[in-house]
Amino acid sequence: MGERPSGTADAAEAPASTPRRRFHEFPILVVFAIILAILIKTFLIQAFFIPSPSMVPTLRQGDRILVCRICMHLTDIDRGDILVFSDPTPEPG
C-alpha cells in the first residue's frame, strides 16, 4: 500500500549525529590537529621572538616573526633576507 522504494529513508529515520558519536570524534580531531601542528612547526613554519635590540632598525625588541623552514632549500639567499641561526652554545653535560 504505502511502500517506499528501497534506498530512501525519511528524515526522522536517518541517523543524526548523536552526542555519543560526536564524543568519539572529538578526541580523534584533537589528536589530528596536534599532529598537524607539530608537522607544520617542524617542517614548514617556525615562530621566533626577538629578545634583544640587536636587529634594530630592521626588527625591534619584542617583535615576533614567522620563518619559512623550507624556503632556504628552495631559493637562494638574497640581500635583505633575515636568517635565523641555531644557538651555538653547547648543552651542559
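Quick note: structure is the one above.
Structure report, in brief. (Residues numbered from 1 in each chain as written. Predicted model: local features only at pLDDT ≥ 70, side-chain atom pairs only at ≥ 80, totals over all residues. Heavy atoms only, no water.)

Turning next to the overall build of the protein. A tally of helices and strands in the protein yields two helices and two strands. Helices (α) and strands (β) of the protein occur, in sequence order from the N terminus, as α-β-β-α. Within the protein, the fraction of its 93 residues that count as buried is 5%. Contacts in the protein between residues far apart in sequence, at least 24 positions, make up 26% of those at least 6 positions apart. Accessible surface computed for the protein: about 9,000 Å², of which carbon and sulfur atoms make up 64%. (Helix = DSSP H or I, 4+ residues; strand = E, 2+ residues; numbered from the N terminus. Buried < 20%, exposed > 50% of the residue type's maximum accessible area, 1.4 Å probe, protein only. Contact = heavy atoms within 4.5 Å. Areas by Shrake-Rupley, 256 points an atom, 1.4 Å probe, with all protein chains shown as cover.)

Looking now at unusual backbone geometry. Going from V56 to P57, the amide bond is cis rather than trans, its omega being 5°. With respect to the element layout, P57 can be found in the loop between β1 (45-49) and β2 (64-68).

Within this structure, the stated rule accounts for one disulfide. With its sulfur 2.2 Å from that of its partner, C68 forms a disulfide with C71. Of note, the bridge from C68 to C71 carries an S-S torsion of about 80° and is right-handed in sense. The exposure class assigned to C68 is partly exposed, which follows from its relative accessible area of 32%. (Disulfide = S-S within 2.5 Å.)

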